[in-house]
Amino acid sequence: AQSVTQPDIHITVSEGASLELRCNYSYGATPYLFWYVQSPGQGLQLLLKYFSGDTLVQGIKGFEAEFKRSQSSFNLRKPSVHWSDAAEYFCAVALQPNTGNQFYFGTGTSLTVIP
Amino acid sequence: GAGVSQSPRYKVAKRGQDVALRCDPISGHVSLFWYQQALGQGPEFLTYFQNEAQLDKSGLPSDRFFAERPEGSVSTLKIQRTQQEDSAVYLCASRATGVSDQPQHFGDGTRLSIL
């Protein structure tokens, strides 16, 4: 079955430490890949996306993600976490080529940042 | 508009009442999506519109759920005879085109509580 997996339900890091959030997908072909962030009571904000080309993509707020085809992974990273990064992070995939609704979310990773 | 706007932000209803949730997408966006997000979960797809046409309603959990987008802009999600399991955050998203290589832009959601 097709799926998006975020293995880490909750992660705690110290401010200034590096961060990596994991995302694995299970599809027959390489999908379009996205990372979204959701602050409490807010909607989802797009951090970055991957369609093709360079497998290391840069996003907003200092985030980057690397697509690894061999591992079916699209992990999100940040070299130095800020307290304002505390939020829920969702990996999402859309099938390609595609029109319409096939847009699937992982269950999310909750990030806590400690001073 | 500048972003996707949803109203009301919070809705409390008694079991058995009907509710209507509104979504104003980004102006000119072709695609509109509704998602249901249970506490601690990722968004789950409900339905998808391309302009005024409802192309996919496979995610609607029952025939009590109904969505429309009569003029291809504003959309309303209606839930009839609400039940406690309908309590969730309902997210609306719009996308510029009908193709999945564009990201979805999310509103802040409507938090629905059924008593």
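Now for a look at the structure at hand.

Residues and elements named next belong to chain B. Sheet architecture is open: four strands sit in the order β1-β3-β8-β7, paired in antiparallel fashion. Of all the strands in the sheet, just β1 (5–7) and β7 (65–68) have a single pairing partner and so form its edges. The mean inter-strand angle of the sheet, taken between neighbouring strand axes irrespective of direction, is 15°.

What follows covers the state of the cysteines. The final tally for this structure, using the stated rule, is two disulfides over all chains. The disulfide bridge from C23 of chain A ends at C91 of chain A, spanning 2.0 Å between sulfur atoms. Handedness here is read from the sign of the S-S torsion; for C23 of chain A and C91 of chain A, about -65°, the answer is left-handed. Pair noted here: C23 of chain A is in the loop between β3 (19–21) and β4 (24–26) and C91 of chain A is in strand β10 (residues 87–94), with a separation of 68 residues, a long-range link. C91 of chain A matches C23 of chain A in its accessibility class, with the two residues each being buried. Residue C23 of chain B pairs covalently with C92 of chain B via a disulfide, S to S 1.8 Å. Its S-S torsion of approximately -65° makes the covalent link between C23 of chain B and C92 of chain B left-handed. Residue C23 of chain B is found in strand β3 (residues 19–24), and its partner C92 of chain B is found in strand β9 (residues 88–95); the two are separated by 69 residues along the sequence. The exposure class of C92 of chain B is buried, given its relative accessible area of 0%.

Take the interface of chain A and chain B next. Listed by partner, the interface residues are 22 residues for chain A and 23 residues for chain B. Of the roughly 1,700 Å² buried between chain A and chain B, counting both surfaces, carbon and sulfur atoms make up 54%. Where chain A packs against chain B, one counts zero salt bridges. Here chain A and chain B share four residue pairs in polar contact (both at pLDDT 80 or more) between them. Those elements giving two or more residues to the side of chain A that touches chain B turn out to be β5 (32–38), β6 (44–50), β10 and β11 (103–105) of chain A. The element best represented in the side of chain A that touches chain B is β5 of chain A, accounting for four residues.

Parameters and conventions
Residues numbered from 1 in each chain as written. Chains lettered and ligands numbered in written order. Predicted model: local features only at pLDDT ≥ 70, side-chain atom pairs only at ≥ 80, totals over all residues. Heavy atoms only, no water. Pairing = 2+ DSSP bridges. Helix = DSSP H or I, 4+ residues; strand = E, 2+ residues; numbered from the N terminus. Axes fitted to C-alpha atoms, helices over the stretch in contact; angles between N-to-C directions. Disulfide = S-S within 2.5 Å. Buried < 20%, exposed > 50% of the residue type's maximum accessible area, 1.4 Å probe, protein only. Contact = heavy atoms within 4.5 Å. Buried area = accessible area lost by both parts, 1.4 Å probe. Salt bridge = Lys/Arg side-chain N within 4 Å of Asp/Glu carboxyl O. Polar contact = N/O pair within 3.5 Å; in protein donor to acceptor, adjacent residues only side chain to side chain.

Shape descriptors only; they carry no functional weight alone.
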